[in-house]
Number of protein chains: 4
Amino acid sequence: MSLEEYFKCLSDRERAIFEGAISMGALFHQFTGTPVNKETLKSLKVAIEDSIKLQPSIEDVEVEINLEDEDGGFGYVSLEGKMLNVKIISRVRDVKAIIRMEYIDELNYPLIYVEDVKEG
Amino acid sequence: MSLEEYFKCLSDRERAIFEGAISMGALFHQFTGTPVNKETLKSLKVAIEDSIKLQPSIEDVEVEINLEDEDGGFGYVSLEGKMLNVKIISRVRDVKAIIRMEYIDELNYPLIYVEDVKEG
Amino acid sequence: MSLEEYFKCLSDRERAIFEGAISMGALFHQFTGTPVNKETLKSLKVAIEDSIKLQPSIEDVEVEINLEDEDGGFGYVSLEGKMLNVKIISRVRDVKAIIRMEYIDELNYPLIYVEDVKEG
Amino acid sequence: MSLEEYFKCLSDRERAIFEGAISMGALFHQFTGTPVNKETLKSLKVAIEDSIKLQPSIEDVEVEINLEDEDGGFGYVSLEGKMLNVKIISRVRDVKAIIRMEYIDELNYPLIYVEDVKEG
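Numbering of residues starts from 1 in each chain and follows the order in which that chain's sequence is written. For this description, chains carry letters from A and ligands carry numbers from 1, given in the order in which they are written. At least 70 in pLDDT is required for a residue's local features to be given in this predicted model, at least 80 for side-chain atom pairs to be given and counted, and no such filter applies to totals for whole chains, interfaces and linings, which use all residues. The side-chain numbers reported here are obtained from all heavy atoms of the structure, hydrogens and water having been left aside.

(A) Structural view of the pairing of strand 5 (residues 95–104) of chain B. Residues and elements named next belong to chain B. The element strand 5 is extensively covered by neighbouring structure, given that seven of its ten residues are classed as buried. Strand pairing is assigned whenever DSSP detects at least two bridges linking the two strands. Secondary structure elements are taken from DSSP: a helix is a run of H or I of four residues or more, a strand is a run of E of two residues or more, and numbering for both begins at the N terminus. Here eight bridges tie strand 4 (residues 84–92) to strand 5, and the two strands are oriented antiparallel to one another. What sits directly across from Asn85, in strand 5, is Glu102. Linkage of strand 4 to strand 5, two consecutive antiparallel strands, is achieved through a turn of two residues, within which Arg93 is found at a positive phi near 50 degrees. Working definition: with a 1.4 Å probe on protein chains only, accessible area under 20% of the residue-type maximum means buried, over 50% means exposed, and in between means partly exposed.

Here it is in structure tokens:
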């Protein structure tokens, strides 16, 4: 079975949404828990972006880690969803999906949603 | 902003695909690495299913862990993608998506794909 | 090189402390991030205990997950260090070490420490 | 209770061993599963070293990721224990412990052991 056959029930638009969503779920569950502070924030951001960009159909990843309100013991904290603001751009042929993760205070939840899907 | 507004650019079909994909990426990256052997396989399977079923729009999760060919030191192995065979059913209103993760030998890769999407 | 040679610079007491500490670091970083609520707390607890007991020299693991103060969006939260109270008992021949992880409010930190080491 | 009281049953030597072991267990279970290939190996290595150095009593961390024999689908693999060669140096006052993780082929296991403990 060729790779394309596994995705034959999806349009390009659906597959772009699908691949971006997998990568966002992966990002959250792979990296939350990592020790981080203001000195190491940059190297963690780069490693997250580099690794998630390897996944199928991922064109770009932008990670912001916000440690403003954090004050863990021993000078660092464990990375949590509420510190993350992420944009993943996935592309399948002419379709580009912009997937976001953002902490929504009213929901008390790091929401993953689709910001936009563009064709052409 | 209401929750529904975050998803206004998605049809129910697209959103079912989206939510199932997030959960599959989450499952892989949360649980791979866990120590497991034939005695503990059952409790790990149940915990994975129970926890992933909590995520938005997830209706059912079935996890198979295959340890047939595994022989780690000290009587256990770390859970890897090649041991996993997973089905996640996500539902948004009338649309049900069946998401699969399965190790594809020819690809040397734990492929996540959409098996089917059903309406009604 | 035999397995014992890798540990030749450690006394039994030191090795019990060593193995218990590895397992506590493993437990925290493997399972934090897992979706959990009051209904799934039991299966997660059992899976954590079962899997960590597989590691070398681990005799017993007791996990308490405290969700009293938690109120995540969508009816569940991601497991965090502050919800965990863990006891790991490691044994090397006649020496038994009791390793604990407990959230210390004053430190704002899930502290891992040695409660006791018993010989004989 | 002061921080020191939590460690009153440990000598400096034992505490150095203890803290290094926690960090090695943490490193393995936090980062295995991360997508990696030869292009991203460097940023992942730096992020692992930076984050684990934040943990209590950790003086230095050196990570080698060996991808020589790896050939995953889609141009990358998930980081596994067998690809890792790690040295963690922990220090408590005058005592320095050198903790190693190395894949031992005969054991089919990523062994964590103590290479040396130096005083003074």
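And the narrative resumes.
(B) Quick look at the sheet that holds strand 6 (residues 109–119) of chain A. Residue and element names in this part refer to chain A. Pairing within the open sheet is antiparallel, and its four strands lie in the order 2-4-5-6. Looking at the sheet topology across the chains shown, the edges are occupied by strand 2 (58–65) and strand 6. Neighbour-to-neighbour, the strand axes of this sheet turn through a mean angle of 15 degrees, independent of strand direction. Along the sheet face, helix 1 (residues 12–31) touches strand 2, strand 4 (84–92), strand 5 (95–104) and strand 6 and points at about 35 degrees away from the line of strand 5. For helices, the axis comes from a line fit to the C-alpha atoms of the stretch in contact; other axes are also lines fit to C-alpha atoms, and the angle between any two N-to-C directions lies between 0 and 180 degrees. Residue contacts are counted whenever heavy atoms from the two residues lie within 4.5 Å of one another.

(C) Highlighting the side chain of Thr32 of chain D. When you line up the elements, Thr32 of chain D lands in the loop between helix 1 (12–31) and strand 1 (35–36). A relative accessible area of 6% places Thr32 of chain D in the buried class. Under this definition, polar contacts are N or O atom pairs within 3.5 Å; protein pairs additionally need one hydrogen-donor-capable and one acceptor-capable atom, and for neighbouring residues in sequence, both atoms have to be side-chain atoms. Of note is the side chain of Thr32 of chain D, whose polar atom sits 2.9 Å from the backbone oxygen of Phe28 of chain D. Setting aside anything within four residues of it in sequence, one finds Thr32 of chain D in contact with Gln30 of chain A, Gly33 of chain B together with Leu27, Leu79, Glu80, Gly81 and Leu84 of chain D.

(D) Examining helix 1 of chain A more closely. With 20 residues, helix 1 of chain A should reach 28 Å at 1.5 Å per residue; the first-to-last C-alpha distance of 29 Å fits that figure. One or two residues past the end of helix 1 of chain A sits Gly33 of chain A, with phi positive at roughly 105 degrees. By this rule the span expected of a helix is its residue count minus one, scaled by 1.5 Å.

(E) Layout of the relation of the copies chain D and chain A. Only residues with pLDDT of at least 70 in both copies count here: their C-alpha atoms drive the least-squares fit that superposes the copies. Under the fitted operation, chain D is carried onto chain A by 0.0 Å of movement along the axis and a turn of 180 degrees, and the coordinates agree to an RMSD of 0.0 Å. The superposition of one copy onto the other is thereby described by a two-fold rotation axis. In terms of C-alpha distance to the rotation axis, chain D has Ala47 of chain D as its closest residue, with the C-alpha 3.1 Å off the axis.

(F) Main features of the interface of chain B and chain A. Taken together, the contact pairs 29 residues of chain B with 29 residues of chain A. Buried area is a sum: the accessible area each of two parts loses on coming together, probed at 1.4 Å, counted once for each and added. Summed over both sides, the interface between chain B and chain A buries roughly 2600 Å², with carbon and sulfur atoms accounting for 67% of that surface. Area buried by chain B at its contact with chain A is led by Tyr6, Phe18 and His29 of chain B, which between them contribute 24% of it. A side-chain nitrogen of Lys or Arg and a carboxyl oxygen of Asp or Glu constitute a salt bridge if their distance falls within 4 Å. Connecting chain B to chain A are two salt bridges. In this structure, the connection of chain B to chain A is made through six residue pairs in polar contact (both at pLDDT 80 or more). Going through the elements one at a time, helix 1 (12–31), strand 5 and strand 6 (109–119) of chain B are the ones with two or more residues in the side of chain B that touches chain A. Residues were grouped as follows: Ala, Val, Leu, Ile, Met, Phe, Trp, Tyr, Cys and Pro as nonpolar; Asp, Glu, Lys and Arg as charged; and all remaining residues, including Gly, as polar. Residues that form the side of chain B that touches chain A fall into these classes: 20 nonpolar, four polar and five charged.

(G) Spatial organisation of unusual backbone geometry. All names here are of chain D. Backbone geometry places Ser57, a non-glycine residue, at a positive phi of 70 degrees. Note on placement: Ser57 falls in the loop between helix 2 (41–53) and strand 2 (58–65). Classification of Ser57 as partly exposed rests on a relative accessible area of 23%. A positive phi angle, close to 55 degrees, is found at Asn108, a residue other than glycine.

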